[in-house]
Each structure stands twice: as C-alpha cells, then as structure tokens.
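Descriptive analysis of the structure
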Amino acid sequence: MASTPATLGSILDAAAHGRFPPPDGTTTVVPQPCHRDAGVIAFTAHSVVFTDEDPTWVHDTLAALDCDPLAATMNPLFLAAFLHRTGRATDTTDLLTVADALPGGPEPALGLREIDDPDHPRVARARKRRDDVRVWASAEGGVLVLGRGLTGRWEAALEVDEDVRHRGLGRALALAARHLVPGASHVWAQQSPGNARSVRAFQAAGYRPVGAEALFVAR
C-alpha cells in the first residue's frame, strides 16, 4: 500500500511530538498550506520548503549554490531567489519552538485581562499573519498574543514594556500561553535568534527548539 504523501501539517505535528524528518541531508518540497504562507523550515540535516512553485526549480536553485548543502535552504541567496520568484515578503529567519499545552488557567498574579486593541503594534502584526487572534494584557506591563498561524497551528507572541524587563515577566507570559491556548495540544512560538532575551524567556517556559523557520507572506 502506498504511503500518504507528507504535508506541512503532518510534518509539524510529528515534530511537535518529537518525531523529525530523517537527518539525511535532503530537502522535501510540499505544497503551501494556504495562499498566505510559503517558506522554509530547516530541521537537523533536513529541510522542508513549502511552496506552490515547481519543485524542480527549488532543487535546481539549491544545487547551484556555492555553499554547504546542509545550509543551502537558509542561504541568503536561495531565500532572495525564492522571494524574487514569488513576489513575497519576509522579516527574518526565526528559531522555531513548541511547547505542550497545560491544563488550568495562568498564574492569577499576572493579572491578565483579554483586550481588543487592534492599534497595538504587536496585535497589528499578528493579524497580518494569523487568524483568530486573541490578546491579553498583563497588569505588570506586558502583552500576550495567541492566534492561528501556519497550517492552523496556535502561535504565541509577547511583548514586555521596557521598564519592567528583567523581572521574569516574559517567561511568565510565555508560560501563560501554554494554559490559554484553546483546544490544542501544543502552542508554537518563533523568536529571532538575535533576540536573546526572548529566546531565554520561551525556553525557560518550556518551549523546545525544533528548527529554523523563514516565513514568506503574500504582499
């Protein structure tokens, strides 16, 4: 019996459960999950390119690069060619992390209240890339955003006011997301590798690194 072709959703679901693509140095090309989202996820020695472009173009472009084949999908020349071919936009390459959802509510001391503030910069960015966006404000001066992003997965993002940083609020908000994610078994989060404070906060809250992600959105 023929096996069912992999989809980006099935690959991400497996990764969330600790089952990763084989570290064989190859690149898997799968269709985009929707028109909005295309891009690359690099796991250990295996990359997944999700695009509706011709897979032959993807493999030929990667093969033509003068770089370590294991790094080719995240090479700036490939990413630039991908963006030029598709007319899409991107911000950065993120560290992709995931955590199990937790039962019960978040820590009451956070004083979280759900808000509707479409003008907040973090909320405005989230609504361009996610559906079903929900937002909470902390009494201490932070914002937590949850929404459905790539393949419908729940994704968390947060922001902490500058004058209350270094007090553990980022970690507390990241942990709160694990309690607040509705009807899901996992919550995902992306951090820019250069944003060390964010990386530390999410990992302290139990988020596991699974790969690197370059997300290209339709203009």
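Let me sum up the structure you'll find in this document. (Residues numbered from 1 in each chain as written. Predicted model: local features only at pLDDT ≥ 70, side-chain atom pairs only at ≥ 80, totals over all residues. Heavy atoms only, no water.)

Turning our attention to the overall build of the protein chain. Helix and strand content of the protein chain: 6 helices and 10 strands. In terms of C-alpha radius of gyration, the protein chain reaches 18 Å, essentially the compact-globule figure of 17 Å for 219 residues. C-alpha extents for the protein chain along the principal axes are approximately 55 × 40 × 30 Å. Counting over 219 residues, the protein chain shows a buried share of 45%. A separation of at least 24 residues holds for 64% of the contacts in the protein chain among residues at least 6 apart in sequence. Of the roughly 10,900 Å² of accessible surface on the protein chain, a fraction of 52% belongs to carbon and sulfur atoms. Considering the protein chain, the positive charge centre built from 22 side chains and the negative charge centre built from 26 side chains are found 4 Å apart. (Helix = DSSP H or I, 4+ residues; strand = E, 2+ residues; numbered from the N terminus. Rg over C-alpha atoms; globule rule 2.2 N^0.38 Å. Buried < 20%, exposed > 50% of the residue type's maximum accessible area, 1.4 Å probe, protein only. Contact = heavy atoms within 4.5 Å. Areas by Shrake-Rupley, 256 points an atom, 1.4 Å probe, with all protein chains shown as cover. Lys, Arg positive; Asp, Glu negative; His and termini not counted. Charge placed at Lys NZ, Arg CZ, Asp CG, Glu CD.)

Orientation of helix α2 (residues 55–63) relative to helix α3 (residues 76–86), taken along the N-to-C sense of each, is 145°, at an axis distance of 10 Å. Both α2 and α3 take part in a crossing whose hand is right-handed. Packed against α2, whose contacting residues are Trp 57, Val 58, Thr 61 and Leu 62, the element α3 presents Phe 78, Ala 81, Phe 82 and Arg 85 at the interface. A breakdown of the residues in the contact of α2 with α3 according to their chemical character gives 6 nonpolar, 1 polar and 1 charged. (Axes fitted to C-alpha atoms, helices over the stretch in contact; angles between N-to-C directions. Left-handed = near helix turned anticlockwise from the far one by under 90°. Nonpolar A, V, L, I, M, F, W, Y, C, P; charged D, E, K, R; others polar.)

The next point concerns the pattern of salt bridges. Under the criterion given, the structure shown has 10 salt bridges. Among the ionic pairs, Glu 155 bridges to Arg 130, the shortest N-O distance being 2.6 Å. In this pair, Glu 155 sits in strand β8 (residues 154–160) while Arg 130 sits in the loop between α4 (121–129) and β6 (131–138), placing the two residues 25 residues apart along the sequence. In this structure Glu 155 comes out as buried when scored by relative accessible area, which is 4%. Salt bridges linked by common partners bring Arg 130, Arg 153, Glu 155 and Glu 213 together as one network. (Salt bridge = Lys/Arg side-chain N within 4 Å of Asp/Glu carboxyl O.)

Moving on: the nonpolar core. Leu 144, Leu 146, Leu 173, Val 187 and Tyr 207 are the most contacted members of the largest nonpolar core, which has 22 residues in total. With 17 residues, the next largest nonpolar core counts Ala 16, Ile 41, Leu 150 and Leu 215 among its residues. (Core = buried A, V, L, I, M, F, W, Y, C linked by side-chain atoms within 4.5 Å.)

In this section: the side chain of Arg 130. For Arg 130, a relative accessible area of 13% gives the class buried. A polar contact is formed between the side chain of Arg 130 and the side chain of Glu 155, at a distance of 2.6 Å. Once residues within four sequence positions are removed from consideration, Arg 130 is found in contact with Arg 36, Gly 147, Arg 148, Gly 149, Glu 155, Ala 157 and Gln 190. (Polar contact = N/O pair within 3.5 Å; in protein donor to acceptor, adjacent residues only side chain to side chain.)

Turning our eyes to something else, we now look at helix α6 (residues 196–204). Within the span of α6, buried status applies to Ser 198, Val 199, Ala 201 and Phe 202. Projected onto a plane normal to the axis of α6, the buried residues spread over an arc of 165° and lie on a single side. Pointing more than 90 degrees away from the buried face of α6 are the exposed residues Arg 200 and Ala 204. Tucked inside the fold, the buried residues of α6 contact β4 (93–100), β8, α5 (169–180) and β9 (186–191). One or two steps after α6, the chain reaches Gly 206, where phi turns positive at roughly 95°. (Arc of directions from axis to C-beta.)

As a further point, take the pairing of strand β10 (residues 208–217). The buried fraction of β10 amounts to 7 of the 10 residues, a majority that puts the element mostly inside the structure. In this sheet, β10 lies alongside strand β2 (residues 37–43) in antiparallel orientation, the contact comprising 6 bridges. Directly across from Asp 37, in β10, lies its bridge partner Val 217. Judged from the 6 bridges that link them, β4 and β10 form a sheet pairing that is antiparallel. If you follow Leu 96 over to β10, its bridge partner there is Gly 211. (Pairing = 2+ DSSP bridges.)

On to the pairing of β6, then. As judged from the 3 bridges shared by strand β5 (residues 113–115) and β6, these two strands associate in the antiparallel manner. Bridging from a neighbouring strand, Glu 114 pairs with Trp 136 of β6.

This part takes up α3. Phe 78, Leu 79 and Phe 82 are the residues of α3 that are buried. Looking straight down α3, one finds its buried side chains confined to an arc of 100°; they lie on one side. Opposite the packed face of α3, turned more than 90 degrees from it, sit the exposed residues Pro 76, Leu 77 and His 84. Looking at the buried positions of α3, the neighbouring elements they touch are β2, β3 (46–50), α2, β4 and β10. If you check the start of α3, you find a side-chain oxygen 2.8 Å away from the backbone N of Leu 77, and it comes from Asn 75.

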